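Here is how the chains run, residue by residue.
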Amino acid sequence: MTQNSQSRGIVIPIQDRLTEFQFNEPISTPIADSIPLVNANLAEATININDNTDRVLITATLGWFNAFEEAAGVAAATFTINRNGIPIASVVQTVANPSATAANIFNVARIIFVDQPLPEVIPAPGSFIHGNVQVTYTLTADASVDTVATTGPITLTLSRIERKL
């Protein structure tokens, strides 16, 4: 990075370029009925890969909660990004209710991951991609108890990054 004296900001040299953006936002604002997070498929998006050096910037955001009854406790949820059905990134979070009163305890899960989807899209080592190959990413969830749920929002975004030409 270099310092630009005119703008007093930081200039980052262009190394790669964003060439495609896909997203799935099944719930953009909170909804009235909750969706349980035990073995849940939450969002899916597909992007085209056309070069061995392509990367995919993946971001996922999900608001979630546990409905604690009149008891203290802890509940956990695991959120996973899958590439063509194969888990590649995940986050585990918990919420806790320290008191013996009924409460909904909320949290927000975020995953940011840069993927190079070569294992599924290149047929053999040393070969190259010719044309567009579709790669599908899904956001899934699992929870420790069946009272863990979401009312949204849920967002999954994919951005293809190609090397600088």
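Reading the values: rules and limits
- Residues numbered from 1 in each chain as written.
- Predicted model: local features only at pLDDT ≥ 70, side-chain atom pairs only at ≥ 80, totals over all residues.
- Heavy atoms only, no water.
- Helix = DSSP H or I, 4+ residues; strand = E, 2+ residues; numbered from the N terminus.
- Buried < 20%, exposed > 50% of the residue type's maximum accessible area, 1.4 Å probe, protein only.
- Areas by Shrake-Rupley, 256 points an atom, 1.4 Å probe, with all protein chains shown as cover.
- Core = buried A, V, L, I, M, F, W, Y, C linked by side-chain atoms within 4.5 Å.
- Pairing = 2+ DSSP bridges.
- Axes fitted to C-alpha atoms, helices over the stretch in contact; angles between N-to-C directions.
- pLDDT = per-residue confidence, 0-100.
- Contact = heavy atoms within 4.5 Å.
- 1 Å grid on protein atoms, 1.4 Å probe; cavity = no way out; pocket = protein on both sides within 12 Å on 5 of 7 lines; lining within 4 Å.
- Points joined across faces, edges and corners; volume = space filled by probe spheres on them.
- Nonpolar A, V, L, I, M, F, W, Y, C, P; charged D, E, K, R; others polar.
- Salt bridge = Lys/Arg side-chain N within 4 Å of Asp/Glu carboxyl O.

Undergrad: I would appreciate a short explanation of the overall build of the chain in the present structure.
TA: For the chain, the count of helices and strands is one helix and twelve strands. Its helices and strands in sequence order give the chain the pattern β-β-β-β-β-β-β-β-β-α-β-β-β, from N to C terminus. With 165 residues in all, the chain has 36% of them scored as buried. Counting every atom, the chain has about 9,500 Å² of accessible surface; 53% of that belongs to carbon and sulfur.

Undergrad: What should I look at first to understand the nonpolar core in this one?
TA: In summary, soluble globular proteins display a tendency toward joint burial of nonpolar side chains. Ranked by internal contacts, the top residues of the largest apolar core, which has 32 residues, are Leu 37, Trp 64, Phe 79, Ile 81 and Tyr 137. Only β5 (40-49), β6 (55-68), β7 (73-83), β8 (86-97), β9 (103-115), β10 (133-143) and β12 (154-163) provide two or more residues apiece to this core.

Undergrad: Could you clarify how one ought to interpret the sheet that holds β10 in this entry?
TA: What links the strands of a sheet is backbone hydrogen bonding, and the strands pair in either a parallel or an antiparallel sense. The four strands lie next to each other as β5-β10-β7-β8, forming an open sheet whose pairing is antiparallel. Edge strands, defined here as strands with exactly one partner in the open sheet, are β5 and β8. Taking the axes of each pair of neighbouring strands and ignoring which way they run, one obtains an average angle of 15° across the sheet. Here nine bridges tie β5 to β10, and the two strands are oriented antiparallel to one another. Looking at β10, one finds that Ala 43 is bridged to Leu 139.

Undergrad: Looking at this structure, I do not really get unusual backbone geometry. What am I missing?
TA: For residues other than glycine, phi is negative in most cases, and the peptide bonds are mostly trans. A cis amide bond links Gly 152 to the next residue, Pro 153, at an omega of -10°. Within the fold, Pro 153 resides in the loop between β11 (148-150) and β12. A positive phi is found at Asn 84, a non-glycine position, where the angle reads about 50°. Relative to the assigned elements, Asn 84 resides in the loop between β7 and β8.

Undergrad: Please clarify how the confidence of the model for the chain should be interpreted in this entry.
TA: Interpretation of this model should avoid reading the predicted coordinates in detail wherever pLDDT is low. When the pLDDT values of the chain are averaged, the result is 82; 77% of them are 70 or greater. When the elements of the chain are averaged for pLDDT, strand β1 (residues 2-4) gives the smallest value, 34, and β7 the largest, 96. Here residues 1-14 is modelled with pLDDT under 50, and outside its nearest four sequence neighbours on either side it reaches 13 contacts, counting other chains as well.

Undergrad: Explain empty space enclosed by the protein to me, please; I cannot follow it from the model alone.
TA: Unfilled space is identified by rolling a water-sized probe across the atoms. This structure, assessed with the given rule, holds one cavity of 30 Å³ or more. Taken as a whole, the largest cavity holds about 30 Å³ of empty space. Taken together, Ala 60, Thr 61, Leu 62, Phe 79, Ala 109, Arg 110, Ile 111 and Leu 139 form the lining of the largest cavity. Within the residue set of the lining of the largest cavity, elements represented by two or more residues are β6 and β9. When the residues that make up the lining of the largest cavity are grouped by side-chain class, the tally is six nonpolar, one polar and one charged.

Undergrad: So what exactly am I meant to see when it comes to the pattern of salt bridges here?
TA: Between side chains of opposite charge, pairing is possible as soon as their charged atoms come close. What the rule picks out here adds up to three salt bridges. As a salt-bridge pair, Arg 83 and Asp 115 come within 2.7 Å of each other at their nearest N and O atoms. On the criterion of sequence distance, the pair formed by Arg 83 in strand β7 and Asp 115 in strand β9 is long-range, its members being 32 residues apart. Given a relative accessible area of 4%, Asp 115 falls into the buried group. We note a salt bridge from Glu 162 to Arg 160, for which the minimum N-O separation is 3.0 Å. As far as the burial class goes, Glu 162 and Arg 160 line up, both buried.

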